[in-house]
Each structure stands twice: as C-alpha cells, then as structure tokens.
Amino acid sequence: MKERNSVNDMPFIPSVLYYFVPNIATLEWPAGSYALPMTESGCPEGSGFTWYTGHRKEELENDQNRNKHSTNIHLKTKIGKPDITRYFCVKNSTVADKGKPKWPNGKYCIYKKGDYCPEDFHEGYVLWDDNNEQNGSNRNSKDGELPAGVYSQDTVIYFCCKTIGSAVKRITLPVNKPFYLLAFESTTCQEVQGAVYSLEYVGFDTENTNNRDARVFPYPYGAQLREPAIYYCYYRECKWNLTQPSGAFSSPYFPNNYHDFQDCQWNITVPKGHVIRLQFGVFELESNPYSCGNGRCSCDYVEVKEESVAGDVTTLGRYCMTIVPLPIIQSSTNKMIVTFHSDHAISAKGFNASYTSVAAIKGIIS
C-alpha cells in the first residue's frame, strides 16, 4: 500500500505568481531533438522546423482519486479523476539545426526525444504506476508524437535536465509565444530574458496497491513526492495590451518587492474620441537621492508616454523614488505606453495603477 501524503505536503503555489524579466529575446529555438509541454495556446513558433504534437492519457488510482493541479494553470491538459491527459510539442528533427544556438546552462528540464539529449543535458526518467485493478489492465492510450518513453500499462517518460548553472541567471529563449520549462531541484523557475513566468503543478495519484513509482535522477522537481507531481514554469512575453475602457496593473510580484533587471511594458488603448487618465496608488521604487533622485531618474523608474494618430510618441513623464501621492497623468490621445525599468541592485515594493477613459475635450484629436 502506498503511503499517502496530505495536501500540506505539496509546496504552496499562490493562485497567480508572476515574475518579470528583461525584454530581450532570440527568435531561434536551440538545436537538438526534444519536447516541451504544450500550453493552452498551442506550441511555440518554430524556425526552420515544425512542432509535432501528441498526447498521453493515463488512468490513475480509481479509489478516491486525489489528482490535483494549481489553481491557475495554462497547460494543455485534462485533469480528471482518475484520468490525466497531457499534451506535448515535439521537435523531432535536426535537419535545420545548423547555426542554431545550444541550450544555455541553468537549472531546468525538458522532455527527451530520440536516442540522445541535446548537448550538455543529463538524462533521467520518471515511472508513474498507473491504475492496475485486479486484472492488471487500465484505459491508458496515446496518440501522435510523444517524448521518449514507454507507454504501456504504466507510463515512463525520459527527461533531459540542465544541472550546471543558476536558475536566477537569465537565459535566452524565444518569448514571442508562451511556452513551458520544467522546474529542476526546487520550485524556483529558471529566469528567461524577456519573459514573465508563473509556477504551476500537476499532482498524480498513482496506484495504491503494490505501488511501483520510480525515478532516476535527474528529473523535474516534484517527482520525488510520495504522490508524484510535476512543477511547470509557464513563460510569456513581458508585454501587455490593455484595451478595455478601464483597468488596473502593477509592477512585478506586487505587493512584494520587484526583482532586479526588469523591463516591462503596458500598451493602453481606449476608444477613439477618448483620452486616458492614469492614477497610481502605491508608488515605492528604489530610493537613493544621490544616485537615483536626479532629474534623469537613472535607477528604477516608470515612464509614461502617449502615441498620436500619426504614430508620434511623446513622453509625459518619468517617475522614480517614492512619491505619495503621484499626480494623475492624463494623455491627449487614446493611446498610452507605460514602461517599468529596474536596474542591477536594490528593489522595493513597486507600484499599482489604474486607468480609465474619459471623453476628449472638443478640439483635441485622439
């Protein structure tokens, strides 16, 4: 009989936890054959290759099944009780790899595809003991292209993990479409340039009777739990298009401190014939009057601009330090661009802001 763990054994995942990192990215996925978890929006964009897709359905423990997942999950998956279906994006060709970069060092895992992991990865696997019942059968199924593994009565999936490097040192990957990496060694996600990430998980209630769950290191964090889990790091571009007549946004990780080396952008567009009124609530950035409090706001800052019908961009102001209250900022057009920048040292609580559209004064073109 498999020993049960309580809900408290699962590391806490906030309902929405986003970290932001600088908006710098390459358009090339690295060389090699491999697979990634599929997001709800599909596979990333390939350059010189096509992502193939497939899925694996597992029938897990039938008796009071405890399959679970984080509250906000962007994974293409069906998590039921007892079935879990996972979807994959598979790069199974290296024909167009000439000139493509290698995967950078860090702390993360991807799925193995083919006989070998990409260069400088280490290989491991996880075995899920799926439901067996008395007759030793289940309703497992598969379709399409899958990561390297054994897909029979139980499920074995092979992983390629980066074990050398630092999760907090940013790596460069394409961020023009959402994607996943798998957390390695801890619930700390690998930082990726130009992306905002959230930590998510899926918990698997595997077979109770004579459980044969197994794993060979390295493998994604969570597979070592009594009821195995996989921790997924979901990445999307650090740029937001706000098109509702009113809305709200905040700095990374607010109300906790933002991180160093962050560049984020919010593009606000309201209906024609209206202008934008922007108001900050909390506004607490790095406060050093000697190095940051000059007229240039040279450390951490928020910059607000507006865009005309002709596409001309005008700066309305750059704001830094701690200002309470910050004056209401109003555009003369229906398009506003808000950017946030933090430098290499000293963070603070950050900011929250709200905006609303108001009818333009007669004679002002928006």
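Refer to the structure above for everything that follows.
Rules of the game
- Residues numbered from 1 in each chain as written.
- Predicted model: local features only at pLDDT ≥ 70, side-chain atom pairs only at ≥ 80, totals over all residues.
- Heavy atoms only, no water.
- Helix = DSSP H or I, 4+ residues; strand = E, 2+ residues; numbered from the N terminus.
- Buried < 20%, exposed > 50% of the residue type's maximum accessible area, 1.4 Å probe, protein only.
- Lys, Arg positive; Asp, Glu negative; His and termini not counted.
- Salt bridge = Lys/Arg side-chain N within 4 Å of Asp/Glu carboxyl O.
- Polar contact = N/O pair within 3.5 Å; in protein donor to acceptor, adjacent residues only side chain to side chain.
- Pairing = 2+ DSSP bridges.
- Axes fitted to C-alpha atoms, helices over the stretch in contact; angles between N-to-C directions.
- Disulfide = S-S within 2.5 Å.

1. Focus on the side chain of R56
Secondary-structure assignment places R56 in strand β3 (residues 52-59). Nearest to the buried, unbridged R56 among oppositely charged side chains is D130, at 4.1 Å. A distance of 3.4 Å separates the side chain of R56 from the backbone oxygen of S141, its partner in a polar contact. Side-chain polar atoms of R56 contact the side chain of T155, separated by 3.0 Å.

2. Focus: the pattern of salt bridges
Using the criterion set out here, one finds 17 salt bridges in the structure. The partner of E227 in a salt bridge is R66, and the shortest N-O contact between them spans 3.0 Å. With E227 in the loop between β14 (214-216) and β15 (229-237) and R66 in the loop between β3 and β4 (68-69), this pair connects stretches of sequence that are 161 residues apart. The salt bridge involving D120 is made with K102; its shortest N-O contact spans 3.2 Å. Placement of D120 in the loop between β7 (108-112) and β8 (122-128) and of K102 in the loop between β6 (83-91) and β7 is noted, with a sequence separation of 18 residues between them. When its relative accessible area of 43% is taken as the criterion, D120 is described as partly exposed. K102 sits in the partly exposed class, given a relative accessible area of 47%. Because the salt bridges share partners, they merge into one network encompassing K57, E59, D83 and R139.

3. A short note on the pairing of strand β24 (residues 350-359)
Where strand β17 (residues 246-250) meets β24, 5 bridges bridge the pair, whose relative direction is antiparallel. Across the sheet, residue A248 finds its bridge partner in β24, namely S354. Sheet topology note: the strand β19 (residues 274-284)/β24 ladder contains 9 bridges and is antiparallel. Counterpart to F280 in the pairing with β24 is A353.

4. Thoughts on the pairing of β8
The sheet contact formed by β8 and strand β11 (residues 155-162) spans 7 bridges and is antiparallel. What sits directly across from Y125, in β11, is Y158. Of the pairings in the sheet, the one linking β8 to β14 comprises 3 bridges and is antiparallel in character. Within the sheet, the bridge partner assigned to V126 lies in β14 and is R215.

5. Structural notes on the sheet that holds strand β21 (residues 313-320)
Spatial strand order, β16-β18-β23-β20-β21: 5 strands in an open sheet with mixed pairing. Two strands close off the open sheet at either side, each with one partner strand: β16 (239-242) and β21. Going from strand to strand, the sheet's axes swing by 15 degrees on average, the running direction of each strand aside. Of the strand pairs in this sheet, β16 and strand β18 (residues 262-269) are connected by 4 bridges, and their pairing is parallel. Counterpart to N241 in the pairing with β18 is N267.

6. What to know about the state of the cysteines
Under the defined criterion, the tally for this structure stands at 5 disulfides. Between the sulfur atoms of C43 and its disulfide mate C89 the distance is 2.1 Å. Across the S-S bond linking C43 and C89, the dihedral sits near -95 degrees, which makes this disulfide left-handed. Here C43, found in the loop between β2 (34-37) and β3, pairs with C89, found in strand β6; they are 46 residues apart in sequence, far enough to count as distant. Note on C43: relative accessible area 15%, which makes it buried. Residue C89 is classed as buried on the basis of its relative accessible area of 0%. What pairs with C297 in a disulfide is C320, and their sulfur atoms sit 2.2 Å apart. Torsion about the S-S bond of the C297 and C320 cystine: about -70 degrees, corresponding to left-handed handedness. Here C297, found in the loop between β19 and β20 (301-307), pairs with C320, found in strand β21; they are 23 residues apart in sequence, far enough to count as distant. Residue C320 is classed as buried on the basis of its relative accessible area of 6%.

Read these as spatial facts, not as claims about activity.
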